[in-house]
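Fold and geometry: a report
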Amino acid sequence: MIGIWRLVQVTARDPEGRIIPSEFGPTPIGTVQFDAERMMAALGDSRPPAAGETRFWVAYTGVWDFDGTVLSTRVDAAHPANRIGTDQVRQVRFEGARVVLQPPLRMVKGVVNHLELAWEKVG
């Protein structure tokens with residue numbers, strides 16, 4: 001996991017497994033960096049906001065642990081701030097040169113979302 005990773009794809013699915021729009025929009029952008037002890041991630045919707053609209057984005061950092069299938073980060077700084085002090089847990093799988101992170105299910109605009117975020121190592 002150590003290195004710099006670039007977000008290449010976000011896939012959101014509803015409870016029936018159908019692909020649905022993600023809050024990251026059609027052109028998500030992001031980066032995550034892991035060193036021996038800490039990680040830092042920032043990602044969001046890369047489109048410019050329309051009038052009166054905001055775009056979704058998230059960033060956090062903290063000490064991380066990876067057991068080969070589960071990545072857990074103890075967050076000590078974040079946007080949104082309600083992540084501070086939480087453990088951000090992601091299921092992890094490798095697909096060739098990519099790593100795919102799966103956060104827990106969450107409700108977005110009244111629909112349960114299952115996300116998969118695919119990353120490629122760039123450094």
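Please read these numbers as outputs of a predicted model, since none were measured by experiment.

Moving on, we get to the overall build of the chain. Tallying secondary structure elements over the chain gives zero helices and 10 strands in all. Listing every helix and strand of the chain by position from the N terminus yields β-β-β-β-β-β-β-β-β-β. Relative to the 2.2 N^0.38 estimate, which gives 14 Å for 123 residues, the radius of gyration of the chain is 14 Å and therefore close to what a compact globule would have. Based on the C-alpha atoms only, the size of the chain along its principal axes is roughly 40 × 30 × 25 Å. Residues classed as buried in the chain amount to 37% of the 123 residues present. Sequence-distant contacts in the chain: of pairs separated by 6 or more residues, those separated by 24 or more amount to 39%. As displayed, the chain offers around 7,100 Å² of accessible surface, 58% of which is attributable to carbon and sulfur atoms. Counting 14 positive and 14 negative side-chain charges, the chain places the centres of these two groups 5 Å from one another.

Take the pairing of strand β8 (residues 98-102) next. Most of β8 sits inside the fold, with four of its five residues counted as buried. Inspection of the sheet shows strand β7 (residues 87-95) paired to β8 by five bridges, in the antiparallel sense. Bridge pairing in β8 links Gln-91 to Gln-102. The hairpin turn running from β7 into β8, its antiparallel successor, is two residues long, and Gly-96 in that turn takes a positive phi close to 60°. Pairing of β8 with strand β10 (residues 111-121) involves four bridges; the strand directions are antiparallel.

Overall, the predicted model of the chain reaches an average pLDDT of 94, with 100% of residues at or above 70. Here strand β9 (residues 106-108) stands out as the least confident element of the chain, with mean pLDDT 88; strand β6 (residues 70-79) is the most confident, with 98.

Here the distance between the centres and the angle between the planes together describe a pair of aromatic rings. Per the counting criterion, the structure on display carries three aromatic pairs. The interplanar angle of 80° and the centroid separation of 5.0 Å between the aromatic rings of Phe-24 and Phe-56 together place this pair among those described as edge-to-face. Of this pair, Phe-24 sits in the loop between β2 (19-20) and β3 (28-34) while Phe-56 sits in the loop between β4 (38-45) and β5 (57-66); the two residues are 32 residues apart in sequence, bridging distant segments of the chain. With a centroid separation of 6.3 Å and 70° between ring planes, the pair formed by Phe-66 and Phe-94 is classed as edge-to-face. With Phe-66 in strand β5 and Phe-94 in strand β7, this residue pair connects regions lying 28 residues apart in the sequence. For Phe-94, a relative accessible area of 46% corresponds to the partly exposed category.

In total, this model carries 11 salt bridges according to the counting rule given. Note that Asp-14 and Arg-18 form a salt bridge whose closest N and O atoms lie 2.8 Å from each other. Put simply, Asp-76 and Arg-38 hold a salt bridge, and the shortest N to O gap is 2.9 Å. Taken together, the positions of Asp-76 in strand β6 and Arg-38 in strand β4 put the pair 38 residues apart, joining distant regions of the chain. Salt bridges sharing partners connect three or more residues here, namely Arg-6, Arg-98 and Glu-120.

Rules of the game
- Residues numbered from 1 in each chain as written.
- Predicted model: local features only at pLDDT ≥ 70, side-chain atom pairs only at ≥ 80, totals over all residues.
- Heavy atoms only, no water.
- Helix = DSSP H or I, 4+ residues; strand = E, 2+ residues; numbered from the N terminus.
- Rg over C-alpha atoms; globule rule 2.2 N^0.38 Å.
- Buried < 20%, exposed > 50% of the residue type's maximum accessible area, 1.4 Å probe, protein only.
- Contact = heavy atoms within 4.5 Å.
- Areas by Shrake-Rupley, 256 points an atom, 1.4 Å probe, with all protein chains shown as cover.
- Lys, Arg positive; Asp, Glu negative; His and termini not counted.
- Charge placed at Lys NZ, Arg CZ, Asp CG, Glu CD.
- Pairing = 2+ DSSP bridges.
- pLDDT = per-residue confidence, 0-100.
- Phe/Tyr/Trp six-rings, centres within 6.5 Å; stacked < 30°, edge-to-face > 60°.
- Salt bridge = Lys/Arg side-chain N within 4 Å of Asp/Glu carboxyl O.

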